[in-house]
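# Architecture at a glance
Here is what each chain is made of, one letter per residue.
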Amino acid sequence: MPVKYLGWLVEIIYEDQSGKITKRRIQVKSIRSGLIKADDLLSGQPRTFLESGLLACRPIKITA
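Residues numbered from 1 in each chain as written. Predicted model: local features only at pLDDT ≥ 70, side-chain atom pairs only at ≥ 80, totals over all residues. Heavy atoms only, no water.

A few words on the pairing of strand S2 (residues 21-32). Here seven bridges tie strand S1 (residues 9-15) to S2, and the two strands are oriented antiparallel to one another. Across the sheet, the residue bridging to Tyr-14 is Thr-22, located in S2. Two successive antiparallel strands, S1 and S2, enclose a turn made up of five residues, where Gly-19 displays a positive phi of approximately 95°. Note: S2 against strand S3 (residues 35-40), six bridges, orientation antiparallel. Each bridged residue has a counterpart across the sheet, and for Val-28 the counterpart in S3 is Ala-38. Taking the residues between adjacent antiparallel strands as the criterion, S2 and S3 are bridged by two residues, where Ser-33 takes a positive phi near 50°. (Pairing = 2+ DSSP bridges. Helix = DSSP H or I, 4+ residues; strand = E, 2+ residues; numbered from the N terminus.)

Pasting the structure below:
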């Protein structure tokens, strides 16, 4: 994930270590040493993702 997404709302497709694939909306807090720390927008909880498990990402457009 590019560092330019720090602080952005992003939609990701992620594969966890067990092979489960999920689609999530997150707010990126930090990207360091292959780890992405973010807030999950659905649950409101902080989450950590391995950058190697990231299958796709795109910024979320906010409309008024």
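After presenting the structure, the write-up continues.
Further remarks concern the side chain of Glu-11. By secondary structure assignment, the location of Glu-11 is in strand S1. A polar atom in the side chain of Glu-11 sits 3.3 Å from the side chain of Arg-25. (Polar contact = N/O pair within 3.5 Å; in protein donor to acceptor, adjacent residues only side chain to side chain.)

Before going further, it helps to spend a moment on the sheet that holds strand S5 (residues 54-59). Whether parallel or antiparallel, the strands of a sheet pair through hydrogen bonds between backbone atoms. Spatial ordering of the open sheet is given by S4-S3-S2-S1-S5, a layout of five strands whose pairing is antiparallel. Two strands bound the open sheet, and with one partner strand each, they are strand S4 (46-50) and S5. Across this sheet, the average inter-strand angle for adjacent strands is 45°, counted without regard to direction. Looking at chain direction, S3 and S4 are connected through five bridges and run antiparallel. Residue pairing for S4: Asp-39 is matched across the bridge by Pro-46. (Axes fitted to C-alpha atoms, helices over the stretch in contact; angles between N-to-C directions.)

Going through the model one piece at a time under the given rule, you end up with two aromatic pairs. Geometrically, the ring pair formed by Tyr-5 and Trp-8 is edge-to-face, given 5.3 Å between the ring centres and 70° between the ring planes. You can call Tyr-5 buried: its relative accessible area is 9%. Centre to centre, the rings of Tyr-14 and Phe-49 are 5.0 Å apart; their planes meet at 75°, and the pair counts as edge-to-face. In this pair, Tyr-14 sits in strand S1 while Phe-49 sits in strand S4, placing the two residues 35 residues apart along the sequence. Side by side, Tyr-14 and Phe-49 carry an identical accessibility label, which is buried. (Phe/Tyr/Trp six-rings, centres within 6.5 Å; stacked < 30°, edge-to-face > 60°. Buried < 20%, exposed > 50% of the residue type's maximum accessible area, 1.4 Å probe, protein only.)

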